[in-house]
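Examination of the molecular architecture
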Amino acid sequence: MNGAPASLLRACRDLTPGFAVAALGVAGATVVNAPLPSVSRLVVALVIGALLGNFGFVPQTTRPGLQFAAKRLMRVGVVLLGLRLSVSQITDLGPTTLLVIVFTVFATFFGTQAIGRQMGLSRGFCLLVGTGFGICGLSAIAAVEDASGASDDEIATAMGLVTLFGTMAIFAIPYAGGLFGLTDVELGTWIGAGVHDTAQVVAAASTGGAAVLTTAITVKLTRVLLLAPIVAGVNVARSRSAANSGLTTKRPSPIPLFIAGFMACVLIRTLDVLPNSTLDVAKTAEGLMLTAAMVGLGAGVDIGKIRELGPRPLVLGAVSWIGIATLSLGAVLLTV
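Attention here is on the structure that accompanies the text. (Residues numbered from 1 in each chain as written. Predicted model: local features only at pLDDT ≥ 70, side-chain atom pairs only at ≥ 80, totals over all residues. Heavy atoms only, no water.)

**Some remarks on helix 15 (residues 311-335)**
Over its 25 residues, helix 15 extends 36 Å from the first C-alpha to the last, a length consistent with the 36 Å expected when each residue adds 1.5 Å. When we look at burial in helix 15, the residues that qualify are Pro313, Leu316, Gly317, Ser320, Trp321, Ile324, Ala325, Ser328, Leu329, Ala331 and Val332. Check the buried side of helix 15 and you find it contacts helix 5 (94-118), helix 6 (123-148), helix 7 (152-180), helix 8 (184-194) and helix 10 (210-225). (Helix = DSSP H or I, 4+ residues; strand = E, 2+ residues; numbered from the N terminus. Expected span 1.5 Å × (residues − 1). Buried < 20%, exposed > 50% of the residue type's maximum accessible area, 1.4 Å probe, protein only. Contact = heavy atoms within 4.5 Å.)

Set out below in structure tokens:
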């Protein structure tokens, strides 16, 4: 009995410094966002985290808490995002928009892997990049990292690429949408289909108004639903490959817990069993979780290490980013 409380206290002690930095980042982003509502709080939080991390203001003692925020709080935020989405919203998108989502996800997922393997990169790394860019960024990478067989350096590189190009997309896609004269629905669909991470989608869409944000979130969350069959397929393929090789490995869970939680929240919202006050509290908690996660993500962006990655991973990331942006924009212009 004494061991568990001691372990809990130890974990809290290790995480507290990073949580404090994340909380300060959330507070700073909120202060900046208050007089400038057009500037997304998530973007500000990401910039704050990157500045702190790259200018030496993030000591080693804060790393566990910031990494926890970037990974675990991100997942909690994604789960709570499910309370924004109902099955009726998905069906209201219509078959053409659903086709845009499915086409973009699978074209990016398989296309990135094919290009990466042609460049001589490992299958595991290509799988991570294809999943991260195609579906939902860091959360997707975390969902398949065990099944990928990739090294820790490859996992870190894939996450760095998603963070780097996803951050660029926050600014580039809304700007390009204005140049192309897209309507709110078209821009929201493009952002939801073409930006990698869920938090990055929210950050990009929040600059365009309520209609853009609502459409982007619905498209993105519908896109996130495709993580379940893809992760299940990857895990089944891994199990079959291990069996054919005569290896005995622990069978991975086909659907990660946070994806199951997200889908459960979608079901709860569809059943309409929660009062609006509870949904408002959940939305506030979701915003805080995602903002804290963005501080953690930003603190993990090491510009020096990104420069050391070499040209091939960066080229693959750039090709995948341009590919998903172009494919999704073309599909939107042709169908929406």
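**Describing the nonpolar core**
Inside soluble globular proteins, nonpolar side chains tend to come together where they are buried. Ranked by internal contacts, the top residues of the largest apolar core, which has 96 residues, are Trp190, Ile191 and Leu227. In contact with Trp190, other than residues within four places in its own chain, are Ile173, Ala176, Gly177, Phe180, Leu182, Val195, Ala325, Ser328, Leu329 and Val332. (Core = buried A, V, L, I, M, F, W, Y, C linked by side-chain atoms within 4.5 Å.)

**Looking at the packing of helix 2 (residues 41-54) against helix 13 (residues 276-299)**
Where helix 2 contacts helix 13, the two axes come as close as 6 Å, and the packing angle between them is 30°. Of the possible angle classes, the one that applies to helix 2 and helix 13 is roughly parallel. Two packed elements cross with a definite hand, and for helix 2 against helix 13 that hand is right-handed. From helix 2, Arg41, Leu42, Ala45, Leu46, Gly49, Ala50 and Gly53 reach across to helix 13, where they touch Gly287, Leu288, Leu290, Thr291, Met294, Val295, Leu297, Gly298 and Ala299. (Axes fitted to C-alpha atoms, helices over the stretch in contact; angles between N-to-C directions. Parallel < 35°, antiparallel > 145°, perpendicular 65-115°, else oblique. Left-handed = near helix turned anticlockwise from the far one by under 90°.)

**Some details on a nonpolar patch on the surface**
On the surface, a nonpolar cluster with roughly 540 Å² of combined accessible area is contributed by Val47, Leu51, Phe55, Phe57 and Phe171. Among the structural elements, Phe57 can be located in the loop between helix 2 and helix 3 (63-81). (Patch = residues over 30% accessible without salt bridge, like charges linked within 9 Å, V, L, I, M, F, W, Y side chains within 5 Å. Areas by Shrake-Rupley, 256 points an atom, 1.4 Å probe, with all protein chains shown as cover. Salt bridge = Lys/Arg side-chain N within 4 Å of Asp/Glu carboxyl O.)

**Looking at unusual backbone geometry**
One non-glycine residue, Asp272, lies in the positive phi region at around 55°. Structurally, Asp272 is set in the loop between helix 12 (257-271) and helix 13.

**What to know about the packing of aromatic side chains**
Counted by the stated rule, this structure contains six aromatic pairs. Ring geometry for Phe133 against Phe165: centres 6.2 Å apart, planes inclined by 55°, an arrangement best described as tilted. Of this pair, Phe133 sits in helix 6 while Phe165 sits in helix 7, and the two are 32 residues apart along the sequence. Across the pair, Phe165 and Phe133 agree in class, each one buried. Members of the aromatic cluster, each reached through a chain of ring pairs, are Phe106, Phe109 and Phe110. (Phe/Tyr/Trp six-rings, centres within 6.5 Å; stacked < 30°, edge-to-face > 60°.)

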